[in-house]
Amino acid sequence: MQKLFILVCCLLGSSWAMAQDYTMSGNGSVKVIKDSRLDALIRKQIYINTLAIRNQSGFRVQVISTNKRGDANEAKARVMQLYSDYRTYLDYQAPYFKVRVGDFKTREEASELRDKLSSLFSGGVFVVPAIINVSPDKELSNEEPY
């Protein structure tokens, strides 16, 4: 009986207690109070997002694939000296080290560099599909105007 009495008291007490006041203001507007540092953080994040490198599918030129790290580093250094305007990557896919050059959206663009590099490397120079890095300013310069 005592448990039933406590249960009834709890139910009545909870129905009388209200967590929120349900009165509505006449115009339906909401006033937001925020710290001014939030605006600075938002501007900083927008700036970071515009500088971020975006990844997309494209092509790179592979100049060497070897299981010797030293040979791969020499090839990378050689390409970096001769073609410093292209980014050079050293990828490791067990057990091979692969030196790849450039970030090209089309196979034709990569083929032009392949033709230049084929005289330097006797093992074969190939255009390979890859996930490339494209910066936003490069994306905007490559788009055709409407």
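The preceding data block contains the structure.
The rules behind these values
Residues numbered from 1 in each chain as written. Predicted model: local features only at pLDDT ≥ 70, side-chain atom pairs only at ≥ 80, totals over all residues. Heavy atoms only, no water. Helix = DSSP H or I, 4+ residues; strand = E, 2+ residues; numbered from the N terminus. Buried < 20%, exposed > 50% of the residue type's maximum accessible area, 1.4 Å probe, protein only. Contact = heavy atoms within 4.5 Å. Areas by Shrake-Rupley, 256 points an atom, 1.4 Å probe, with all protein chains shown as cover. Core = buried A, V, L, I, M, F, W, Y, C linked by side-chain atoms within 4.5 Å. Phe/Tyr/Trp six-rings, centres within 6.5 Å; stacked < 30°, edge-to-face > 60°. Lys NZ or Arg CZ within 6 Å of the ring centre and 35° of its normal. Salt bridge = Lys/Arg side-chain N within 4 Å of Asp/Glu carboxyl O. Pairing = 2+ DSSP bridges. Axes fitted to C-alpha atoms, helices over the stretch in contact; angles between N-to-C directions. Patch = residues over 30% accessible without salt bridge, like charges linked within 9 Å, V, L, I, M, F, W, Y side chains within 5 Å.

## Regarding the overall build of the protein chain
In terms of regular secondary structure, the protein chain is built from five helices and four strands. For the protein chain, the proportion of its 146 residues judged to be buried stands at 23%. If you take every contact in the protein chain between residues at least 6 apart in sequence, the share linking residues at least 24 apart comes to 71%. Element-wise, carbon and sulfur atoms account for 57% of the exposed surface of the protein chain, whose accessible area totals about 11600 Å².

## Quick word on the nonpolar core
Nonpolar side chains in soluble globular proteins generally cluster together in the buried interior. Of all hydrophobic cores here, the largest spans 17 residues; its most connected members are Val-61, Val-63, Leu-113, Leu-117 and Phe-121. Contributing elements (two or more residues each) for this core: β1 (54–66), α3 (69–82), β3 (96–104) and α4 (107–117). The leading source of residues in this core is β3, at four residues. Once residues within four sequence positions are removed from consideration, Val-63 is found in contact with Val-79, Val-99, Val-101, Leu-117, Phe-121, Gly-124 and Val-125.

## Regarding the packing of aromatic side chains
Aromatic ring pairs: the centre-centre distance and the angle between the two ring planes describe each pair. Within the structure shown, the criterion is met by three aromatic pairs. Ring geometry for Tyr-83 versus Tyr-86: centroids 6.5 Å apart, planes at 50°, classification tilted. Take Tyr-83: its relative accessible area is 18%, and that puts it in the buried class. Residue Tyr-86 is classed as partly exposed on the basis of its relative accessible area of 23%. Look at Tyr-92 and Phe-97: their rings are 4.7 Å apart centre to centre, the planes differ by 40°, and that puts the pair in the tilted class. Here the aromatic residues Tyr-83, Tyr-86 and Phe-104 are joined through ring pairs into a cluster of three or more. Its guanidinium or amino end placed over the ring of Tyr-89, Arg-60 lies 3.6 Å from that ring's centre, counting from NZ or CZ. Over the face of the ring belonging to Phe-121 we find Arg-78, whose NZ or CZ atom lies 4.9 Å from the ring centre.

## Some details on the pattern of salt bridges
Per the counting criterion, the structure on display carries four salt bridges. With a shortest N-O distance of 2.5 Å, Asp-35 and Arg-37 are connected by a salt bridge. By relative accessible area, which is 34% here, Asp-35 ends up partly exposed. Judged by relative accessible area, which is 60%, Arg-37 ranks as exposed. Salt-bridge contacts for Asp-115 lead to Arg-114; the nearest nitrogen and oxygen are separated by 3.3 Å. Under the relative-accessibility criterion, Arg-114 is labelled partly exposed at 27%.

## Section: the sheet that holds β3
Strands sit in the order β2-β3-β1-β4 across an open sheet of four strands; the sheet is antiparallel. On the outer flanks of this sheet lie β2 (88–93) and β4 (126–134), each paired with one strand and no other. Adjacent strand axes in the sheet meet at a mean angle of 40°, parallel and antiparallel pairs treated alike.

## Looking at a nonpolar patch on the surface
A contiguous nonpolar surface patch, about 560 Å² in accessible area, is contributed by Met-1, Leu-4, Leu-7, Val-8 and Leu-11. Here Met-1 is to be found in the segment before α1 (2–16).

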